Every structure is written in structure tokens, then in C-alpha cells.
Amino acid sequence: QVQLVESRGGLVQAGGSLRLSCAASGLLFSINHMGWYRQAPGKQRELVASITSDESTNYADSVKGRFTISRDNAKKTVYLQMNSLKPEDTAVYYCNAVGKYYHGHLLDFDSWGQGTQVTVSS
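Since the model is a prediction, treat every value here as computed from it, not as a measurement.

Procedures and definitions
Residues numbered from 1 in each chain as written. Predicted model: local features only at pLDDT ≥ 70, side-chain atom pairs only at ≥ 80, totals over all residues. Heavy atoms only, no water. Patch = residues over 30% accessible without salt bridge, like charges linked within 9 Å, V, L, I, M, F, W, Y side chains within 5 Å. Areas by Shrake-Rupley, 256 points an atom, 1.4 Å probe, with all protein chains shown as cover. Salt bridge = Lys/Arg side-chain N within 4 Å of Asp/Glu carboxyl O. Helix = DSSP H or I, 4+ residues; strand = E, 2+ residues; numbered from the N terminus. Buried < 20%, exposed > 50% of the residue type's maximum accessible area, 1.4 Å probe, protein only. Core = buried A, V, L, I, M, F, W, Y, C linked by side-chain atoms within 4.5 Å. Contact = heavy atoms within 4.5 Å. Disulfide = S-S within 2.5 Å.

**Considering a nonpolar patch on the surface**
And step 1. Taken together, Leu27, Phe29, Tyr102 and Leu106 make up a surface patch of nonpolar side chains, about 400 Å² in accessible area.
And step 2. Tracing the chain through its elements places Tyr102 in strand E9 (residues 91-102).
And step 3. Judged by its relative accessible area of 39%, Tyr102 falls in the partly exposed class.

**Observations concerning the pattern of salt bridges**
And step 1. Scanning all chains against the criterion turns up 5 salt bridges.
And step 2. Between Asp89 and Arg38 there is a salt bridge, and its shortest N-O distance comes to 3.0 Å. Taken as a pair, Asp89 in the loop between strand E8 (77-82) and E9 and Arg38 in strand E4 (residues 28-39) lie far apart in primary sequence, 51 residues in all.
And step 3. Each of the salt bridges in this network shares a partner with another, and the network as a whole consists of Arg38, Glu46, Arg66 and Asp89.

**A short note on the nonpolar core**
And step 1. Of all hydrophobic cores here, the largest spans 32 residues; its most connected members are Trp36, Leu80, Met82 and Tyr93.
And step 2. Filtering out sequence-adjacent residues up to four positions away, Tyr93 remains in contact with Glu6, Leu20, Trp36, Tyr37, Arg38, Val48, Phe67, Leu80, Met82, Gly115, Thr116 and Val118.

**Considerations on the state of the cysteines**
And step 1. Scanning the model with the defined rule gives 1 disulfide in all.
And step 2. Residue pairing for Cys22: its cysteine sulfur links by disulfide to Cys95, the two sulfurs lying 2.1 Å apart. Looking down the S-S bond of the Cys22 and Cys95 bridge, the torsion is -80 degrees, so its handedness is left-handed. Of this pair, Cys22 sits in strand E3 (residues 18-25) while Cys95 sits in strand E9, placing them 73 residues apart in sequence. The exposure classification of Cys22 matches that of Cys95, with both residues buried.

By themselves these figures say nothing about function.
In C-alpha cells:
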């Protein structure tokens, strides 16, 4: 009942930047937690960054100081600004959102985007 649509990733050179966005749609009541995860080939999905409704943020150690997560509540959108990209950042990036939506009454949701490929060349 809640859909997340991510922007396209892309191919960038090491040291470059890329910005991802993820917009939520549906009969949303609230979005509490929004986050970005990534999964590289042969590896488990891992948390990259998250942001709460009061804009408290959390980052994986590997991206601290390089990535910035932000959200626009009016647009129901979360962003991930990625700077100083490294080849090891290559992965499929997934958006996640947790909150409540209307379906006759309030229900919880935990939704994922379709994933977008980010490739960093050396």
C-alpha cells in the first residue's frame, strides 16, 4: 500500500559524487524511519544511513564523512548525497521506509524500493 520509487543510480569515477532520492506514495499517515541500504555481489545487505522523523541520523562507519542522508517531509522523500565515492561503494542501493498508512484504519508499513545500481570505477 506504500510504494517507494528511487531515482536512477549510475556509473561514476572514484572521487565523484552522486545523489539518490526516494519518494514515498500512498495513503501515508506518518513516516518514522527512512534509510538507505546497499548490497554488493556476494555480500549481505547492509545499512548505509538512516534518518528518523526528528532527523536524527545514523551512518555506517565506511561512509561517515562522505555520505549525507536528508529528508523532505513535505515531499515524502529521502535523499542520499554520496561524495568521494570509492570502488567499494559499488552496490545496489535500496531505500527503506517505516511508518503508518491508512487502510480503513491505521496500519504499520515497512516498505522497500526496487533498488538502483551504483557503480564506481577506479
